[in-house]
Amino acid sequence: MASDGESEICLSKFSQTLQTSMAAASPAEPCTAEEMLNLERTGRAERVQWVLKTPEPPGLWQELMDSLRETAFPHGNNFPPLKKQPTTHAISVLQGIFPILQWCRNYKATKFKKDLMAGLTLASLSIPQSIGYATLAKLDPQFGLYTSSIPPLLYALMGTSREIAIGPVAVVSLLLSSMIPRLEDPVENPIAYRKLVFTTTFLAGIFQAAFALLRLGFLVDFLSHAALVGFMAGAAVVIGLQQLKGLLGISHFTNKTDIISVLEAVWRSFHHTWSPYNFILGCSFLSFILITRFVGKRNRKLFWLPAIAPLVSVILSTVIVFLTRADKHGVKIVKHIKGGFNPSSVHQLQFTGPHFGEIAKIALVVAIIALTEAIAVGRSFASMKGYHLDGNKEMVAMGIMNIVGSMTSCYVATGSFSRSAVNFSAGCETAMSNIVMAITVLISLQLFTKLLYYTPTAILASIILSALPGLIDISEAYKIWKVDKLDFLACIGAFLGVMFASVEIGLMVAVNFTFSHREMCMVTAYLQGRLLPKMESREIFSSLLIAEVMEIAISFAKIILNAIKPGIETLGRLPGTNMFCDVDQYPMAIPSPGVMVIRVKSALLCFANASFIRERIMMWMAEEEEDNNKGSGKGRTQLVVLDMSNLMNIDTSGLASLEEVHKQLVSRGMELAIANPRWQVIHKLKLAKFVDKIGGKIFVSVAEAVDECSTIKIMTTI
């Protein structure tokens, strides 16, 4: 045994702390078996102490305060002391709340020229769309224009996206018109209906702002990417069917949104008197709008053509109806649109009454859907331009603009993908394009609303129909089918739920399908085993039943919170080993120079936590980059290693999040590597071609990835 051990050196076997105890011995002196056994016992005992004597983890109160501090002061402790530099501190706080104060310092005339053209182009599309979406929401046309004026101005002050265009959108309008009429009929009692819409808008804004302040942004991601694709596609079909009322000039139409009820209403309308001129006029201008869109896609220099086509359609159709007196021959027209600036609606907000509870539920659903669409639109364009979108500030901006909007006769506003695409194509540089658009809409409200009296409703229907293809993403649905069949099931479930049941059922199906079969079976078995026996004697055990339901709700909420906000660790190498552990838990762990090793403490990277993980990683990258710019001496990070040893599975939302992280790292001159991925994870990474995108940097262990980076550095130095 001793002769076998002579070929090994004790210094290469144990940690640096144990090496000091061997300092007296010659470095080349071989160890006996007894010495090696004692050293092994000593090393094991010391490593046990590393585990037992870890720093105390932060308590609940400290975590809550840190969360609120991150929300209110995104720069953390980078603020200068208030006593020493109060002015600088105040400016930094104001810039955190109002990003416009930050980018306006470097704003130049060349940028304003581009923003001016983008804003005017945006207004030419926004005015007719806003009128159409207001009618979809069962409101008077002017309320759509109101919603395209005040909310964009407020978002320009507080939002972080440069390209997103704020205003009414089709899906939110559909949600309002499908849920609120069950409480108040918009035809028989339009004033009461309008009050409920404004109250819903106010509460939606409260919810959106609360999501940011209480760090509840995960609720926005509660619909998986696949379910959202299906829901949007189903909503597009339903909205299209709803436009048959305007396209055919039908007077009596159903308030239901499912495809069966709508087709029945259309069939019944053929047995009554109706004018074909509505259909001819609407289809003619729908064809015109679609042709201009095709031309604009073929020739990028003509991007303005599809943008102004809806406004041109409104002007031409209005002139045609006025000159031919087509309204006397059965063509439905808009008639009176109230002009002037937004009137106050504070007195119309209702916080009491029998419908407040239902309105709060509707507001929660609308808030989540509106935020989901806006943040998805903002992130997509931010990724193209290569800058970071602050999701927390976006939620605050959306919340504030809807709260104020509800007091100025606006209904729920959010980011529109079609108008944002026009804004992007028009070359906008900052959110100033939203300000230009809002001012243009306000001028139109003051001067031109009387000219829209003879605008045919069929044109508004055609404008809405022309915007719907952008909501149906067939290629993305095919990609979901190829990568994850369970995700595709959620996509199809949401699509069919919206089409054949209702918008609410579609949302419920989408959320239910996004849970894994195992989680659903566990919850179902628990409910059947513990709740159903008590249901047979409801009067006797009613109080126990309520307590049981609360217990389940709290327990289930804890499970969900752990899944959607997992911990993220920065890893370092333990001295003398190839083990990488959390540097907070093991202070003796040494971070590798030039490499950041990150591990997600979750078994799933999915729709519920993908955005949270991406935002956290990019925040760390930004902090480290700021430290390097200040000359902290840590050295520039060249490689980010994701330790996926904990990760059992990944879905399409997780894949999209990884792709976004990779793009951001590449833009900062860094590389991404994956260490120890599990079977299902590497399989989906290959299917999505993510392995090729990161240059094949997949390693069996973290140590191998770090050593590979060190080898490359040595070779480049030589």
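Located above this text is the structure these notes cover.
This structure is a prediction, so every number in the text was calculated from the model and none was measured.

1. Digging into the overall build of the protein
The secondary structure content of the protein amounts to 32 helices and 10 strands. Per-residue burial over the protein gives 49% buried out of 718 residues. Of the contacts made within the protein by residues no fewer than 6 positions apart, 80% connect residues no fewer than 24 positions apart. Carbon and sulfur atoms make up 64% of the accessible area of the protein, which amounts to about 35200 Å² in all.

2. Brief notes about the side chain of S406
Counting through the fold element by element, S406 comes out in helix α18 (residues 391-406). For S406, a relative accessible area of 0% translates into the label buried. A distance of 2.6 Å separates a polar side-chain atom of S406 from the backbone oxygen of I403. Those residues in contact with S406 that lie beyond four places of it in its chain are F198, T201, F202, S345 and L349.

3. Side note on the packing of helix α9 (residues 150-158) against α18
Packed helices, taken two at a time, are described by the angle their axes make and the gap between the axes. Running from N to C, α9 and α18 point in directions that differ by 150°, and their axes come no closer than 9 Å. In terms of axis orientation, α9 runs roughly antiparallel to α18. Crossing angle aside, the handedness with which α9 passes α18 is right-handed. Where α9 abuts α18, its residues I150, P151, L154, Y155 and M158 lie against K393, E394, V396, A397, M398, I400, M401 and V404. In terms of residue class, the contact of α9 with α18 is built from 11 nonpolar, no polar and two charged.

4. Brief notes about the layout of surface pockets
Roughly 1400 Å³ of volume is contained in the second largest pocket. Elements with a contribution of two residues or more to the lining of the second largest pocket: α7 (109-136), α11 (190-213), α13 (244-248) and α21 (457-467). Considering only residue class, the lining of the second largest pocket consists of 15 nonpolar, 16 polar and eight charged.

5. Some remarks on unusual backbone geometry
At K138, a position not held by glycine, the phi torsion is positive, near 65°. Mapped onto the fold, K138 is located in the loop between α7 and α8 (141-147). According to the relative accessible area criterion, K138 is partly exposed, its value standing at 23%.

6. What about the packing of aromatic side chains?
Aromatic rings in a pair are described by how distant their centres are and how their planes are angled relative to each other. Counting across every chain of the model gives 10 aromatic pairs. Chaining the aromatic ring pairs together yields one cluster made of F143, Y146 and F198. When the ring centre of Y387 is taken as origin, the NZ or CZ atom of R162, which lies over that ring, is 4.0 Å away. Stacked on the ring of W481, the Lys or Arg K485 has its end atom at 4.7 Å from the ring centre.

7. Quick word on the sheet that holds strand β10 (residues 698-699)
With mixed pairing, six strands are arranged side by side in an open sheet as β4-β3-β5-β7-β9-β10. Of all strands in the sheet, those with a lone pairing partner are β4 (580-582) and β10, marking the two edges. Pairing between strand β7 (residues 639-643) and strand β9 (residues 671-675): five bridges, direction parallel. Opposite V640, over in β9, you have L672 as the bridge partner.

8. Here's the deal with the side chain of S602
Here S602 lies in the loop between β5 (595-601) and β6 (604-605). Of the polar contacts made by the side chain of S602, one reaches the backbone oxygen of L604; its length is 2.7 Å.

9. So, the packing of α7 against helix α20 (residues 432-447)
Following both chains from N to C, one finds α7 and α20 inclined at 45°, their axes separated by 7 Å at the closest point. Between α7 and α20, the crossing angle belongs to the class labelled oblique. Considering the relative orientation of α7 and α20, their crossing is right-handed. Residues F112, D115, L116, A118, G119, L120, L122, A123, S126 and I127 of α7 touch α20, and the partners they reach there are M432, S433, V436, M437, T440, V441 and S444. A per-class count over the contact of α7 with α20 returns 11 nonpolar, five polar and one charged.

10. Quick word on the nonpolar core
Judged by nonpolar contacts, the single largest core of 98 residues is most densely connected at V171, L175, F231 and M398. For this core, the leading source of residues is helix α17 (residues 356-385), giving 13 residues. Counting 31 residues, the second-largest nonpolar core is a separate cluster that includes V600, I617, M644 and L672.

11. What to know about the pattern of salt bridges
Scanning the model with the defined rule gives 12 salt bridges in all. Residues D484 and K684 are paired through a salt bridge, measuring 2.6 Å at the closest nitrogen-oxygen approach. Taken as a pair, D484 in the loop between α22 (474-483) and α23 (485-500) and K684 in helix α30 (residues 679-687) lie far apart in primary sequence, 200 residues in all. The two residues D484 and K684 agree in class, both being buried. The network of salt bridges with common partners includes E569, R599, K601 and D643.

12. A closer look at empty space enclosed by the protein
Scanning the entire structure with this criterion turns up six cavities of 30 Å³ or more. What lines the largest cavity is a set of 14 residues, among which V600, L605, L642, M644 and L658 lie closest to the centre. Elements with a minimum of two residues in the lining of the largest cavity: β5, α28 (610-629), β7 and α29 (652-667). Each residue belonging to the lining of the largest cavity can be placed in one class, and the counts come to 10 nonpolar, two polar and two charged. Estimates place the volume of the second largest cavity at around 120 Å³. Every residue lining the second largest cavity is listed: Y133, V169, A170, V171, E373, S416, F417, S418, A467, L468, G470 and L471. For the lining of the second largest cavity, the secondary structure elements donating two or more residues are α10 (170-179) and α19 (417-425).

13. Some remarks on the pairing of strand β3 (residues 567-573)
The two faces of the sheet receive side chains in turn, since in a regular strand these alternate between them. In terms of burial, β3 is largely enclosed, as five of its seven residues are buried. Where β3 lies against β5, five bridges are found, and the strand directions are antiparallel. The residue bridging T570 from the neighbouring strand is I598, located in β5. Sheet analysis places β3 next to β4, joined by three bridges and oriented antiparallel. Residue pairing in the sheet places R573 in a bridge with F580 of β4. The hairpin turn running from β3 into β4, its antiparallel successor, is six residues long, and G576 in that turn takes a positive phi close to 75°.

14. Examining a positive patch on the surface
Side chains of R325, K328, K332 and K335 sit close together on the surface and give a patch of like positive charge. Among the structural elements, K328 can be located in the loop between α16 (304-324) and α17. Since its relative accessible area comes to 65%, K328 is described here as exposed.

15. Observations concerning α11
Given a rise of 1.5 Å per residue, 24 residues ought to cover 34 Å, and the 35 Å separating the end C-alpha atoms of α11 matches this to within 8%. With 17 of 24 residues buried, α11 lies mostly within the body of the structure. Phi for R215, located one or two positions after α11, is positive at around 55°.

The rules behind each value
- Residues numbered from 1 in each chain as written.
- Predicted model: local features only at pLDDT ≥ 70, side-chain atom pairs only at ≥ 80, totals over all residues.
- Heavy atoms only, no water.
- Helix = DSSP H or I, 4+ residues; strand = E, 2+ residues; numbered from the N terminus.
- Buried < 20%, exposed > 50% of the residue type's maximum accessible area, 1.4 Å probe, protein only.
- Contact = heavy atoms within 4.5 Å.
- Areas by Shrake-Rupley, 256 points an atom, 1.4 Å probe, with all protein chains shown as cover.
- Polar contact = N/O pair within 3.5 Å; in protein donor to acceptor, adjacent residues only side chain to side chain.
- Axes fitted to C-alpha atoms, helices over the stretch in contact; angles between N-to-C directions.
- Parallel < 35°, antiparallel > 145°, perpendicular 65-115°, else oblique.
- Left-handed = near helix turned anticlockwise from the far one by under 90°.
- Nonpolar A, V, L, I, M, F, W, Y, C, P; charged D, E, K, R; others polar.
- 1 Å grid on protein atoms, 1.4 Å probe; cavity = no way out; pocket = protein on both sides within 12 Å on 5 of 7 lines; lining within 4 Å.
- Points joined across faces, edges and corners; volume = space filled by probe spheres on them.
- Phe/Tyr/Trp six-rings, centres within 6.5 Å; stacked < 30°, edge-to-face > 60°.
- Lys NZ or Arg CZ within 6 Å of the ring centre and 35° of its normal.
- Pairing = 2+ DSSP bridges.
- Core = buried A, V, L, I, M, F, W, Y, C linked by side-chain atoms within 4.5 Å.
- Salt bridge = Lys/Arg side-chain N within 4 Å of Asp/Glu carboxyl O.
- Patch = residues over 30% accessible without salt bridge, like charges linked within 9 Å, V, L, I, M, F, W, Y side chains within 5 Å.
- Lys, Arg positive; Asp, Glu negative; His and termini not counted.
- Charge placed at Lys NZ, Arg CZ, Asp CG, Glu CD.
- Expected span 1.5 Å × (residues − 1).

Distances and angles like these do not, on their own, reveal function.
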